[in-house]
Amino acid sequence: NPSWQLVAQRSAALWTLPLVSDAYALEWETSGETTSDVYSGVILGSTSGLTNFAYVAANNSSVAIFTATNLSTSATQRATAGTASNSNVTVQWRATYDGPTAQGGTNTYRVYRNGVLMTSWTDTGNVIAHGKGNRFCGALITHFGFSSGNRIDNWRAYDLGDIAP
């Protein structure tokens, strides 16, 4: 679906139920034609009001981990990695968060492309809040200059429990 937006913007949707724990994973597929100016991906650890969240997004040739206070403000890129072309191919993505250190995790976000670890970011400054009220997940896509990020399909979010990141 081509974007008719001349200005850059992000659109997002959250799943209506939060996850049960602070250690979780998201899996999704992207496909379609994209450019280096637009991204699509997933939201991790948001409030129900879509505030204070991390998100993982890929464009034509890279994937990155970002944090944002809401959809209207600028995002902060925390980690990035170059990838083989993500345009006109179906790519399997997985993002994990292993939980806060107080719960035995390492406070680390990891991103996998077709099963291969691409990048990670450890939230040493506790930028993203955790606990009840901060366990909503969703999908995100950016639009700019008549283009939109890749299509997202087969999206799912789940608690890791005792499953390794």
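Residues numbered from 1 in each chain as written. Predicted model: local features only at pLDDT ≥ 70, side-chain atom pairs only at ≥ 80, totals over all residues. Heavy atoms only, no water.

Asker: Go over the overall build of the chain, please, and point to the residues and values.
Answerer: When helices and strands are counted, the chain shows 0 helices and 12 strands. Along its sequence from the N terminus, the chain presents helices and strands in the succession β-β-β-β-β-β-β-β-β-β-β-β. Against the compact-globule benchmark of 15 Å for 165 residues, the chain has a radius of gyration of 15 Å, which places it among compact chains. Overall size of the chain, expressed as C-alpha extent along the three principal axes, is 45 × 30 × 25 Å. In the chain, buried positions account for 48% of the 165 residues. In the form shown here, the chain has an accessible surface area of approximately 7800 Å², with 52% of it arising from carbon and sulfur atoms. (Helix = DSSP H or I, 4+ residues; strand = E, 2+ residues; numbered from the N terminus. Rg over C-alpha atoms; globule rule 2.2 N^0.38 Å. Buried < 20%, exposed > 50% of the residue type's maximum accessible area, 1.4 Å probe, protein only. Areas by Shrake-Rupley, 256 points an atom, 1.4 Å probe, with all protein chains shown as cover.)

Asker: Explain the sheet that holds strand 9 (residues 116-122) residue by residue, including any values.
Answerer: The antiparallel open sheet is built from 5 strands, whose spatial order is 9-8-7-2-12. For this open sheet the edge positions go to strand 9 and strand 12 (151-159), each flanked by a neighbour on one side alone. Taken over all neighbouring pairs, the strand axes of this sheet differ in orientation by 15° on average, direction set aside. Examined bridge by bridge, strand 2 (residues 24-31) and strand 7 (residues 91-97) share 7 bridges and lie antiparallel to one another. Following the sheet pairing, Thr30 is matched in strand 7 by Val91. (Pairing = 2+ DSSP bridges. Axes fitted to C-alpha atoms, helices over the stretch in contact; angles between N-to-C directions.)

Asker: So what about the side chain of Thr142? Which residues, and what values?
Answerer: Mapped onto the elements of the fold, Thr142 is located in strand 10 (residues 136-144). Under the relative-accessibility criterion, Thr142 is labelled buried at 10%. Among the polar contacts made by the side chain of Thr142, one reaches the main-chain amide nitrogen of Tyr39 at a distance of 2.5 Å. The residues contacting Thr142, other than those within four sequence positions of it, are Gln9, Arg10, Asp37, Val38, Tyr39, Ser147, Ser148 and Gly149. (Polar contact = N/O pair within 3.5 Å; in protein donor to acceptor, adjacent residues only side chain to side chain. Contact = heavy atoms within 4.5 Å.)

Asker: Let's hear about the packing of aromatic side chains: which residues, and what values?
Answerer: The geometry of an aromatic ring pair comes down to the distance between the two centres and the angle between the two planes. Inspection of every chain in the model, using the stated rule, returns 8 aromatic pairs. Seen in terms of ring centroids, Trp28 and Trp93 are 6.3 Å apart; in terms of plane orientation they differ by 15°. Their pairing is stacked. Remark: Trp93 occurs in strand 7 and Trp28 occurs in strand 2; sequence separation between them is 65 residues. As far as the burial class goes, Trp28 and Trp93 line up, both buried. Looking at Arg94, its charged tip hangs above the ring of Tyr112, at a distance of 6.0 Å from the centre. (Phe/Tyr/Trp six-rings, centres within 6.5 Å; stacked < 30°, edge-to-face > 60°. Lys NZ or Arg CZ within 6 Å of the ring centre and 35° of its normal.)

Asker: Run through the environment of Gly138, naming residues and quoting values.
Answerer: You can see Gly138 is positioned in strand 10. Residue classification places Gly138 among the buried positions, given a relative accessible area of 1%. Dropping the residues within four chain positions of it, Gly138 is found in contact with Ala13, Leu14, Trp15, Leu26, Gly41, Val42, Ile43 and Trp155.

Coordinates in, geometry out; function isn't part of it.
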